[in-house]
Every structure is written in C-alpha cells, then in structure tokens.
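Listed below are the residues making up each chain.
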Amino acid sequence: MRVSMVNDDVLRISVVKNGHKYRESPAVVVKPTVDLASGENKIGPWLVKVNEDSVHVNVDGVEVNLRFSYSNGQFTIRGNLGLADIVYGLGEKALPLNRKRFRVTMWNTDAYGYRYGSDPLYVSIPFFIVTRNHVSVGHFADSTARMVIDLGVERGDEFTVTVNDDQVDYYVIRGPRLRDVVTRFIGITGKPALMPKWALGHQQSRYSYYPQGRVLEVAKALKDMDLGNTVIYLDIHYMDGYRIFTWNSERFPNPRDMVKKLHESGIKVVTIVDPYIKVDPNYQVFKEGINGNYLTLDSDGGLTIVQGWPGKSALPDFFNREARDWWSSLIERWVRDYGVDGIWLDMNEPAAFDYPNHTVTSKVITHRLDDESRVPHDYLHNAYALYEAMATYEGLRRTGRRPFILSRAGYAGIQRYAAVWTGDNTSNWEHLKLQLQVLLGLSISGVTFIGADVGGFAKYVPGDGGSRLFTLTPELLVRWYEWAIFFPLLRNHADVASPDQEPWAFGPRALELIRDLLRLRARLTPYLYSLMWISHINGEPIVRPLVYEFPNDDEVMNIDDEFMLGPFMLVAPMLNSGTSREVYLPGGEWVNLWNGEVLKGGYHMVDAPLGKPPVFLKSGSLVPTQESEGVLGILAVPGDGEFTVYDDDGESQSPTPSTLSLRISGDRVTVGDWANPMPQLPTTVILKVYLGKEPSKVMVNGVEVPKARFSAEPGQPSWYFEGRLINIRVKVGSETIII
Ligand code: MIG
C-alpha cells in the first residue's frame, strides 16, 4: 500500500498485489506528488493516519475510515457510511440521483431496452460522492476490471468496493462542497473536450437513413421546416456489408457529393464507426490490421474473433499505441476522403452477439500494452471505449478539425474525448423520467457533454415474460423535447423497426410546438456554448442537479425531476401526462421564463401546457442569448450575479476564446468589453430585464436614454417596456441603471 497526496485536495491510496506488475491508468491525468509515511500525517486540511491495511482520514471535519483487504483475486475496500449520508455519482446508472442503498456493477454492457434498476449499462465510472451534513467527500476506485460497489445494502453502516483486479488506485477527493468534489474529480481525470459549436445544433438520426437520396430528402425537410442547425447521422446501413470505412455503392453511389450538398445547406454529417473489422482477406482494413499486428489476439496467439454486424469480426487492440496510431490514420483518411464532420462510436463496450448479454468477457482474449506485455481482457474491459475514443480523437485532430465524437461506452476520463449518449432507451413515460436520472448522474461524474435519444430509441423491448411494445405519442415526443433542448447533446434517434419520429412525424401541431422549442434552444446557444467552455476550463457540469447549486438546502438533496442549466436556469419538466406539476424552488426569488411571474422559494403548482415546460430564472440571472444576427441578448433578473460569455470561431482546435463579462447588482447591469475579440462579435446588446412594473427612467453610462421601440438600424441606446420585460438596447462596454 502506497499513500500519497496527488495535490492539496486529493489523496491516493495505491494497493498492488505482491509480484503484480502495475499498469498505468488511462483515466487519470495527474501523478502523485508527496508520499505519506505510516502513522499520522497532517497536511493542510487533512489528517491522514496510515496503518498497515487501513487509512483513517479526517478532512473538513468528516471522518473517512478505509480498510483494504485482498483475497481470491479481489481487492476489497470498506468504508464507513453514516445514517444520514447521501451518495451521488457513479456515472451512468438507471437509478435515482441519490444512490445510497444500491449495489451496482461496473462492467460496460450493451444494455438494449434497459429499464429502471437495470445494471450495468454502457459506461463505468467508479466515482461516488458521500455527502454528510452538507459536506461532501469523493471516492474514486480506479480499476478497469469488473467492480461491485455496495452502498449500504449488505450493511447499513458500510460501503464496500470489490474489484476483480490485482491493483487499485483509490482516491479520496476533498470538498467541502459537492461542486468542489466534482470539479476536482475532473481535475484528476481531465477536462471535458471542447466541442465544435455545431454540436449544439439539433441532431437528427435514425437507424438508418438510406439510400443517399433519402438522406438528402431528410436534410431538405429539416431546412424547409425551419428546424434550425442540424446534424445528420448515418447509421450502419451506409457501409458495404458492415465493413467500417467503406460505403455501400448501391445505396451511396456518390458519398462525396452527398456530403458536399449537405454542407451547402449547412448540415453536418456524422457517421457511425463500430469496432468490428470484418474477417475478410480481401478487405483492406483487415489486411492492414493483420499485417501491422494491430488486432486483438487470444492468449494462444490466434486472432480473436467475435460475432459483430459484419459476421465474424476482429477487434482493434486499442490498448497498444501502434494500434491506436493506425486507427487514428484510418479515421483521418475517412474524414479527409469524404468530408464527414464527426464520428459516432457504437458497440464499444465492446459488444458482441456471441457473448452473454451481448458483451465481450474473457480471460482468454488478451490485449497488448505499450510495453508488449499481454493482459487478459477482463482486467481492461471498461477501458476499451476510452482508448478507442483517444485514438479517434487523435485521428480527427490530425484533419485540423475540432473533434466531435459521440461514444456509447466509456470509463472515467471519457469526457476528454467524447460526448456520451445514454444508449438504447425506450419510447415511454418511464424513460422520460429515468433518462433525466441517468443523465444527472453522468453529469456530476465528469461527463458534461451528454444527451439521450429524444423520443426514445427502442419500441419493442424485452418485458416480463415476453416482449413489450411501446408507442410514441405526439405528447410524449413534445414533452421529451421540452427538457432535451436544455441538454448539450440534442439528438432525435430511433430504432430500425420503429415508426418515424422526426419532428414532423406527428402532424402540424406537434411540429409547431417542437419548432418553437428548437427556436428557444437556438436562442440559448450563447449560454450553452459559454457553459461548454466553462466546463472545459473549470470542469463544471453544464446541466446540474439542484443540490450542486444549492448544497445547503435540505429539500433538494434527492431532487432528480428538476435540474439547473448552468447557474441560473431551473427546468422542471413534465414527466407524465398532464398540464401542471409541483415544482420546488430553492430559497430566494425566481422568475417564470414564460410570463415573468415572480415566485418565492418553496413548493408551487405550476402550469405546463404542452410546449411550455416550467422554466425559472434565479435572481441575479444573466443568460446570454442569440437575438438576431450580430445582436447579443441578455436575459436578466434583478439581483446579484455574474457571468462570462465565451465565444470563438466554433471549430478551430485550441482557440483563445473571446470573453465578455457581465455583472448585475440590483438594477444595475454592467456589460464589459470583449476581451481577446475576434472579428464579427456582436457589439449591440439587448438587455431584457424582468421587472414588475415600468421604470421611470434608464441611465446608460450616466446619460438618460429615450424610451422608444428599436428601429431596424442599430442606433442610439433606447428602451421600451412590454409584458414585464424591459428591453434596453446598449453597446458593449456600458453600465445601465434602471430607476
Ligand atoms: O445493435 O447501429 O445504441 O443507437 O442505432 C444495435 C445500430 C446497434 C446500437 C446503438 C443504436 C444504433 C444501433 N446500434
């Protein structure tokens, strides 16, 4: 056992079985700095007592007692759990936000048609947060092997982590606030990737759009129906016999031309890429894989063969640097040759049809590490997708683009490379609520660019004693968009045998409601993009459970049917059929986005007609919006608040962002000047401030400005009042006082 400080806020306890050769973790981007001696160590806020097989920690007044043991190929870590402790985190789990009294398994699994309580799912993040009297401490058991985490099921006063591995790096991450733990976890597992701006557009997918003419037809419909910026996905039917990096020439006789046409109408193209390499001696990719020794082998040296979409398939050995480099070159060639914009990584648990639960498990399959040692798959399983994403990211980077990768599976750290979606969910009301719980867990476990298939993927799923059929209704689809528009990844996707579920598939009324929601989404792009930058820089989630923002409010500890978009916007979606719901608002005052009504903290029944999810803005809100070409809007609520708007060209790889600082203090709004400006940034700002009544005057930079409707020409500052909103036109670099 080796105990060290990684930095001032993170402690690492590394346990390695005697004689075992330690493997470096792909999750962690930092190295330990100071080793601690056995006995008592006092370092800053930490008191750490190191014994032979236990470590006692006192940090921020919280006692954490950890005991380590090893037997039969497993490490077990036991820790104390208090009566009133709450547990958050664990990444992608079909469980409530508070994960105490659940036992979960970490084993990336193809979980088609999963339901509440199904476990495990596609992504494994063995990180959890224990919150005691509003003070949070994080735990991260870093091992890519199978792991079971029991949070008070076996014993009420204990959690246990059982790892089928000969090594585990156990991290204790200090708070004291939940947000401190979350951002520090990202500090050790790496910053979320910067996504291209187009990734915030409305993304349209299905399994699958083909042939080529059909893709163009869908693209035209998206434009004609004015559904905003779009990304179209090509699912597995575009390939020639499911050979990755090929096109089916009958269905797609001219892919370059198709991609060009899509680009001309402002639509980006993302193609699916599975890990299956068809075993076919005439297939170029297979030949390269064999010749380069880039493929996974069994322990007897023979090629590992699994059943995938192309039938018999080999698997790239992403654990090896040379294999990753080869994969990067495949991705680079694919993207350069056809101009596709992003890569969708599916089946990367890895899944295979000839294994139990459609998921590879084996002690016989081995992977080649960089030092040429061979390690059985079962020790590395949960990292397969992470290494694949790493290599894919590098391939995209080489093309000069800002990478966009959407991955189904992942391990801690996946956020450095990819966005994640929650896999094969189902088109029913159960999932409308469940998806939110799954996403909130992911969001506070480091993975910030996330979303769920809007409208639900599966229709026909295994049920109790048979198969169950679900029908998507217009109401459910609209309700789904109502909260999905507030998530960074907004993708409508459906199963192969499902009826159509594009925004227009349910008639004119649903289309109109969805279009309005998508317009709201488009207006919020500057806020979302700034939040994406903030997540990239500071590791803050984009979408946050209420407890993240209000850690001292006992009412919010278990709330997972409401969420915050950034620091200001509270969304309380309709999760069942109806037209109103109860909403909890944490202390202070909130403004209803739709009608400007002010509500005090507490429980309220709130109207939610179809198309209008309850959304509230906190006092002191400053939400940047896209008003019209070249005009930045700021939706504001009097109070005290600050926000920084981030912008860049949306696609270059490591830009220095242009930033604009905003501040509100009472009825005084300060808009700074753009720092590090790039060309074409908006200089006109329309402040939209929610006020109870019309003010008597408005001063901008010390001068009273006239009350007047805005003319088309951006001219002098002026203001008008309408429906509880004062609209004030100013320039950047101004201070506005409303009297
Ligand atoms: O066995 O590529 O989760 O989004 O449409 C199904 C076909 C394989 C699973 C993905 C889903 C995708 C589908 N894939």
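Note that the structure is a prediction, hence the values are computed from the model and not measured. (Residues numbered from 1 in each chain as written. Predicted model: local features only at pLDDT ≥ 70, side-chain atom pairs only at ≥ 80, totals over all residues. Heavy atoms only, no water.)

Visitor: Summarise the overall build of the protein chain; cite the residues concerned and give the values.
Guide: For the protein chain, the helix and strand inventory stands at twelve helices and 51 strands. Here the C-alpha atoms of the protein chain give a radius of gyration of 26 Å, agreeing with the 27 Å that 2.2 N^0.38 yields for 739 residues. Its C-alpha atoms give the protein chain principal-axis dimensions of about 80 × 70 × 55 Å. Put simply, the protein chain has 739 residues, and 63% of those count as buried. Just so you have it, the protein chain exposes about 26,300 Å², and 48% of that area is on carbon and sulfur atoms. Taking the average place of the 76 positive charges on the side chains of the protein chain and the average place of its 88 negative ones, the gap between the two points comes to 2 Å. (Helix = DSSP H or I, 4+ residues; strand = E, 2+ residues; numbered from the N terminus. Rg over C-alpha atoms; globule rule 2.2 N^0.38 Å. Buried < 20%, exposed > 50% of the residue type's maximum accessible area, 1.4 Å probe, protein only. Areas by Shrake-Rupley, 256 points an atom, 1.4 Å probe, with all protein chains shown as cover. Lys, Arg positive; Asp, Glu negative; His and termini not counted. Charge placed at Lys NZ, Arg CZ, Asp CG, Glu CD.)

Visitor: Describe in detail the site of the ligand, supporting the description with residues and values.
Guide: Around the ligand there are 13 residues in total, and Asp235, Trp309, Asp346, Asp424 and His493 lie nearest to it. Split by residue class, the shell around the ligand holds eight nonpolar, one polar and four charged. (Near = heavy atom within 4 Å. Nonpolar A, V, L, I, M, F, W, Y, C, P; charged D, E, K, R; others polar.)

Visitor: Tell me about the sheet that holds strand E38 (residues 580-592), residues and numbers included.
Guide: On the basis of which strands lie adjacent, the open sheet formed by six strands has the order E35-E36-E37-E40-E38-E39 and antiparallel pairing. Pairing within the sheet leaves two strands with one partner each, and these edge strands are strand E35 (543-544) and strand E39 (598-607). Here strand E37 (residues 569-571) pairs with strand E40 (residues 615-618) via three bridges, running antiparallel. In the sheet register, Leu570 faces E40, and the bridge partner there is Phe616. (Pairing = 2+ DSSP bridges.)

Visitor: Tell me what's going on with the pattern of salt bridges, and back it up with residues and numbers.
Guide: Here the structure, examined in full by the defined rule, presents 59 salt bridges. Residue Asp119 pairs with Lys93 through a salt bridge whose shortest N-O separation is 2.8 Å. Separated by 26 residues along the polypeptide, Asp119 in the loop between strand E10 (103-106) and strand E11 (123-124) and Lys93 in the loop between strand E9 (86-89) and E10 bring together distant segments of the chain. Looking at Lys93, the relative accessible area reads 0%, which means it is buried. With a shortest N-O distance of 3.5 Å, Glu322 and Arg368 are connected by a salt bridge. (Salt bridge = Lys/Arg side-chain N within 4 Å of Asp/Glu carboxyl O.)

Visitor: How would you summarise the environment of Glu63 if you had to cite specific residues and measurements?
Guide: With respect to the secondary-structure elements, Glu63 resides in strand E7 (residues 62-71). C-alpha of Glu63 to C-alpha of Lys693: the two residues are 630 residues apart in sequence and 52 Å apart in space. With near-sequence residues (within four places) excluded, Glu63 lies in contact with Val57, Asn58, Asn80 and Arg132. For Glu63, the side chain forms a polar contact with the side chain of Asn58, separated by 3.1 Å. (Contact = heavy atoms within 4.5 Å. Polar contact = N/O pair within 3.5 Å; in protein donor to acceptor, adjacent residues only side chain to side chain.)

Visitor: Which residues make up the packing of helix H10 (residues 507-523) against helix H11 (residues 525-538), and what are the values?
Guide: In contact at an axis separation of 5 Å, H10 and H11 are set at 50° when each is read in the N-to-C sense. Taken together, H10 and H11 sit at an angle that is classed as oblique. Contacts from Arg521, Ala522 and Arg523 of H10 reach H11 at Thr525, Pro526 and Leu528. (Axes fitted to C-alpha atoms, helices over the stretch in contact; angles between N-to-C directions. Parallel < 35°, antiparallel > 145°, perpendicular 65-115°, else oblique.)

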